[in-house]
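Listed below, chain by chain, are the residues.
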Amino acid sequence: MTSILRHFAISAVSLAMISGCAATVDSAPTTTVSATQISVLLASPPKAEQALTLNQIMANPDWMGVFARGAYWSDDSQSVYFSRQAHQAPTRDYYQQSINASTAEQLELSQLHLADQRNGVINTTKTKKAYIYQGNIFVKDLQSGDISQLTRQNDAINGVRFLNNGDLAYWQGNNIFRLHQVSGMVEQIAAIQMANEPQKTQDPSSYIAKQQHRLTEYVTLQHNNDKSREQYRESLAKADPTFSAQPWYLGDSEIISEMSLSPDGRYVILALTDKNYTWRAEHDIMPNYLGKDGYIDAVPARARVAEDAFPGQRLVLLDLTEHTKKDITIEGLKGFDEDVLASVKAENAKALGDNYKSAKAPRLIQLMQDWEWSQSAMQWRDTDNQLIVMLEAVDNKDRWIARVDLQKGKLITEHRLHDDAWVNYNYNQFGWITGTDSFYYLSEESGFSHLYIKTLAGQVRALTSGKFVVDNVTLSPDGKYLYYRANKDHPGSYNVYRTEIASGKDEQLTQWFGTLDYSLSPDGKALLLTASAATHPDELYVQAIGGEIKQLTDYTSNDFKQYPWQAPQVVAVPSNHGVGQVYARVYLPQGYDAKQADKYPAVVFNHGAGYLQNAHYGFSGYFREFMFHNLLTQQGYVVMDMDYRGSKGYGRDWRTAVYRNMGHPEVEDLKDGVAWLATNAHVDPQRVGTYGGSYGGFLTFMALFNEPELFQAGAALRPVTDWAHYNAPYTANILNTPDVDPIAYERSSPIEHAQGLQKPLLIMSGVLDDNVFFQDSVRMVQRLIELEKPMFETAIYPVEPHGFVQPSSWLDEYRRIYKLFEEELK
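Conventions and cut-offs
Residues numbered from 1 in each chain as written. Predicted model: local features only at pLDDT ≥ 70, side-chain atom pairs only at ≥ 80, totals over all residues. Heavy atoms only, no water. Helix = DSSP H or I, 4+ residues; strand = E, 2+ residues; numbered from the N terminus. Rg over C-alpha atoms; globule rule 2.2 N^0.38 Å. Buried < 20%, exposed > 50% of the residue type's maximum accessible area, 1.4 Å probe, protein only. Areas by Shrake-Rupley, 256 points an atom, 1.4 Å probe, with all protein chains shown as cover. Lys, Arg positive; Asp, Glu negative; His and termini not counted. Charge placed at Lys NZ, Arg CZ, Asp CG, Glu CD. Pairing = 2+ DSSP bridges. Axes fitted to C-alpha atoms, helices over the stretch in contact; angles between N-to-C directions. Phe/Tyr/Trp six-rings, centres within 6.5 Å; stacked < 30°, edge-to-face > 60°. Lys NZ or Arg CZ within 6 Å of the ring centre and 35° of its normal. 1 Å grid on protein atoms, 1.4 Å probe; cavity = no way out; pocket = protein on both sides within 12 Å on 5 of 7 lines; lining within 4 Å. Points joined across faces, edges and corners; volume = space filled by probe spheres on them. Nonpolar A, V, L, I, M, F, W, Y, C, P; charged D, E, K, R; others polar. Expected span 1.5 Å × (residues − 1). Arc of directions from axis to C-beta. Contact = heavy atoms within 4.5 Å. Core = buried A, V, L, I, M, F, W, Y, C linked by side-chain atoms within 4.5 Å. Salt bridge = Lys/Arg side-chain N within 4 Å of Asp/Glu carboxyl O. Left-handed = near helix turned anticlockwise from the far one by under 90°. Polar contact = N/O pair within 3.5 Å; in protein donor to acceptor, adjacent residues only side chain to side chain. Patch = residues over 30% accessible without salt bridge, like charges linked within 9 Å, V, L, I, M, F, W, Y side chains within 5 Å.

## Description of the overall build of the protein
- Regarding its fold elements, the protein presents 14 helices and 46 strands.
- For 826 residues, the compact-globule formula gives about 28 Å, and the C-alpha radius of gyration of the protein, at 30 Å, lands near that figure.
- C-alpha atoms of the protein, sized along the principal axes, occupy 110 × 70 × 60 Å.
- Per-residue burial for the protein yields a buried fraction of 56% across its 826 residues.
- Taken as a whole, the protein presents about 35,800 Å² of accessible surface, with 48% of it coming from carbon and sulfur.
- Each charge class in the protein can be summarised by its mean position, and for the 74 positive and 98 negative side chains these summaries are 4 Å apart.

## Some words on the sheet that holds strand β31 (residues 470–475)
- Spatially, β31-β32-β33-β34 is the arrangement adopted by the four strands of the open sheet, whose pairing is antiparallel. A single partner strand is all that each edge strand has here, and the edge strands are β31 and β34 (506–508). Taken over all neighbouring pairs, the strand axes of this sheet differ in orientation by 30° on average, direction set aside.

## Looking at the packing of aromatic side chains
- Within this structure, the stated rule accounts for 45 aromatic pairs.
- Summarising the aromatic geometry, the rings of Y726 and Y730 are spaced 5.7 Å apart at their centres and angled 85° between planes, so their arrangement reads as edge-to-face.
- Feature note: the residues W371, Y425, Y611, Y644, Y695, F698, W723, Y726 and Y730 constitute an aromatic cluster, connected by ring pairs.
- When the ring centre of Y497 is taken as origin, the NZ or CZ atom of K488, which lies over that ring, is 4.2 Å away.
- The ring of W422 has R655 lying over it, and the distance from NZ or CZ to the ring centre is 4.9 Å.

## Description of empty space enclosed by the protein
- Scanning all chains against the criterion turns up one cavity of 30 Å³ or more.
- By volume, the largest cavity amounts to about 50 Å³.
- Taken together, W422, G610, Y611, Y644, R645, G646, R655, V658, Y695, Y730 and I734 make up the lining of the largest cavity.
- Of the residues in the lining of the largest cavity, the class split is seven nonpolar, two polar and two charged.

## Re helix α13 (residues 774–786)
- The terminal C-alpha atoms of α13, which comprises 13 residues, lie 19 Å apart, in line with the 18 Å expected from a rise of 1.5 Å per residue.
- All of the buried residues along α13 are D776, S777, M780, V781 and L784. Projected down its long axis, α13 shows its buried positions confined to an angular sector of 130°, all on one face.
- Looking at the buried positions of α13, the neighbouring elements they touch are α10 (695–706), β45 (761–766) and β46 (792–797).

## Remarks on the nonpolar core
- Ranked by internal contacts, the top residues of the largest apolar core, which has 91 residues, are W723 and L761.
- Of all hydrophobic cores here, the second largest spans 55 residues; its members include M58, L528, L612 and V639.

## Considerations on the pattern of salt bridges
- The final tally for this structure, using the stated rule, is 39 salt bridges.
- Between R381 and D384 there is a salt bridge whose closest N-O contact spans 2.7 Å.
- Residue class for R381 comes out buried when judged on its relative accessible area of 13%.
- The closest approach of N and O atoms between R652 and D419, which form a salt bridge, is 2.6 Å. Placement of the pair is R652 in helix α8 (residues 652–656) and D419 in the loop between β26 (410–418) and β27 (430–432), with a sequence separation of 233 residues.
- Accessibility expressed as a relative area gives 8% for D419, which makes it buried.
- Taken together, the shared-partner salt bridges connect E338, R363, D395, D398 and R416 into one network.

## So, the pairing of β31
- Across the six residues of β31, five count as buried, placing the element largely inside the fold.
- Sheet analysis places β31 next to strand β32 (residues 481–490), joined by four bridges and oriented antiparallel. In the sheet register, T474 faces β32, and the bridge partner there is Y483.
- Once β31 ends, the chain turns through five residues before running back antiparallel as β32, passing G479 with a positive phi of about 75°.

## Considerations on the sheet that holds strand β6 (residues 105–106)
- Ordered by their spatial adjacency, four strands build an open sheet running β3-β4-β5-β6, and the pairing between neighbours is antiparallel. Both outer strands of the open sheet, β3 (69–73) and β6, are each paired with one neighbouring strand and no more.
- Examined bridge by bridge, β3 and strand β4 (residues 79–84) share three bridges and lie antiparallel to one another. Looking across to β4, one finds that R69 is bridged to S83.

## Structural notes on the layout of surface pockets
- Here the second largest pocket defines a volume of roughly 760 Å³.
- Every residue lining the second largest pocket is counted, 40 residues in all, and those nearest its centre are L341, L364, V394, D395 and T737.
- If you list the elements that add at least two residues to the lining of the second largest pocket, you get α1 (4–13) and α11 (728–735).
- Here the lining of the second largest pocket gets four residues from one element, more than from any other, and that element is α11.
- Residues that form the lining of the second largest pocket fall into these classes: 23 nonpolar, seven polar and 10 charged.

## Structural notes on the packing of helix α7 (residues 623–634) against helix α14 (residues 807–825)
- Where α7 meets α14, the axes come as close as 13 Å, and the angle between the chain directions of the two elements is 35°. In this structure, α7 crosses over α14, and the sense of that crossing is right-handed. Across the interface between the two elements, R624, E625, F628, L631 and L632 from α7 touch W810, Y814, I817 and Y818 from α14.
- When the residues that make up the contact of α7 with α14 are grouped by side-chain class, the tally is seven nonpolar, no polar and two charged.

## Quick notes on the environment of T464
- With respect to the element layout, T464 can be found in the loop between β30 (460–462) and β31.
- On the accessibility criterion, T464 (6% relative accessible area) is buried.
- As a C-alpha pair, T464 and H450 span 14 residues in sequence and 5.6 Å in three-dimensional space.
- Discounting chain neighbours no more than four positions away, the residues touching T464 are H450, L451, V470 and Y484.
- Here H450 takes part through its side chain, which lies 2.8 Å from a polar atom of the side chain of T464.
- Only 3.0 Å separates the side chain of T464 from the backbone nitrogen of L451, close enough to count as a polar contact.

## Focus on a nonpolar patch on the surface
- A surface patch of nonpolar side chains, amounting to about 410 Å² of accessible area, comprises Y289, L290, I296 and V799.
- By secondary structure assignment, the location of I296 is in the loop between β18 (280–288) and β19 (297–302).

## Here we look at the side chain of T633
- In this structure, T633 sits in helix α7.
- Take T633: its relative accessible area is 2%, and that puts it in the buried class.
- Each residue touching T633, except ones within four places of it in the same chain, is listed here: Q566, Y587, L588, P589, Q590 and V639.

Next up, the structure:
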């Protein structure tokens, strides 16, 4: 999300529906953590010959290991940097490890500014790298390794880039500066004022003013002198080369959300947003009942989708040489004025007894808001001033890649991706291919995210195709290859591939069975991998292109490695609802016997986020749930964890199956899962329970309310109860907005179906949840009380946000879940 204000909301939303994975203190012996040296309380780790306990698996997770995070290459491709942070530690430690060493060296605080910065920029000759550290600019000589600090100030610098002639440009707030490499002079090339232009001396216009000038020579003299001084200053500024550029006055009604400078420093493109827009609700707060001063703290809360009216953005182009401004028009975007919600509006109007008449009108747009990328949505070609931008409609139905006509201030559509449901907020990488007039991009137009190349002349070529998804695209340093990650062999296993751009020849580079992510070394000769398997958490690996994989880090504790964890089986559950198969993880009980007389009880876990993949062969981000499921199998349960419809990793149709209908296709998949367990895992279908957090809590509600015979009990953690109260960036994709599509909200919100509850339900929420508000659970509880439903209980956690932090809270929560299943399923 590009708007600075709106970016906050999206950043939160991108992790929004995933249940938290943090934990801390438990009553056990004191151990000292190696990373970020602090003392923490840890439960005694489980021994290989012992059964798991809730105290162990819900304790401070540092006993599992303090893992490497955020790894990136050094500039010479001979070492990697990463951080480690003990759970709840206030700061993190940074490390450097040679690719030929077995251990890493911790960086001292005085060395942190020397560490290669992963987000630095390289000059055209690839001899220097500039980066920002603590708001100041540093430049590194890539041949000698010498680093120079160019600024030392308290006002942070926001961005930096090399210009084609070797000069360095940087921007600070709304001001852009140029550091001339020859003279060392710092020149302000743009001073952008979000204010109205000061009024010049005006000639008299009213009768009284004219009379004053006609009758009083002193007034006339002063007026003429003011005009002369203004004209003199303007003439001097034009004639004297020592003057800085004239300020730009762009009005006082907007703010700059993002800016981008052309490679030659001539043009600046701006994305502007109405300054009155805010991510916060004007009338709402989140009360913290345990404020540090003993009072209730009123914490500002985000706006709900029902009240969040994002006004879109507009693009403005500034020519710093000619000092001209062009407001970029959107008429060049194909479909810019289509009524893409006509059928939805007509359906809702009909339900009210009205008729809807469709009419064309310009749509609101903004820079593309991808929730995972780190690139800009504005991409300049380094060799000239060709500019392409990626835009999306605020109504979520279109994504455009458009070329900007710098002379006319118009957009020219290069690619349009339309989706009647919503355009994905992932899989949007794009960029120029070095030395060509072509650019690459990802698109779901075939039904799966694939990689394409397009020339400005209009020729399009697909580089990948098939029923798998492609992401994390990297252009090789020589511009000959595009690297990417994909799950070609199985939806739940990912590897790294590359395609030769000229020939289209494709090759697989890694042979991993699990999940991984990668980073290409600066010299293009090796991959840095962050990889995991079903029972092995992420570690770092290095693999030379065409070589063997080599493990770089080993931070998983011996206690964790030596415990006999059960790796879940990944199964394909046949769908009885016409969607092929549903992938799921299955954990079988210890000593499983399909011929024993008594059938097994079962628990179905519903992952969070909705759009998330968990039935894969890697280590689950839900590591506590992974251990809890192992504990359940030791107690005689079968456990299933489904990638129901709407989950990630299975293509566009799987993703959009929940459009305007959340909670219904997913429950159909859960029904198929229970049927599969009864047929294939010796499960008693009358002894199955379910639980999940966030979206998983929402799904628990929908299952118990709409299919009351499917599960005998359910636990809903931090659950969404009414989608009109969730945030706009996530919800408006799937359900449009409540004012446009109330049918979708009423169909998809659990509070509208609560009368169907018949089986025991446990509701648990954190009071400080600024993602799914505690109010969601409060409203649901009151609804159940008024419906006279006696079969529910609640538990509140006064200090917890969406992802719980305190081990005591995790332990209390899962004790209650376990007790519910023991009482209702055994």
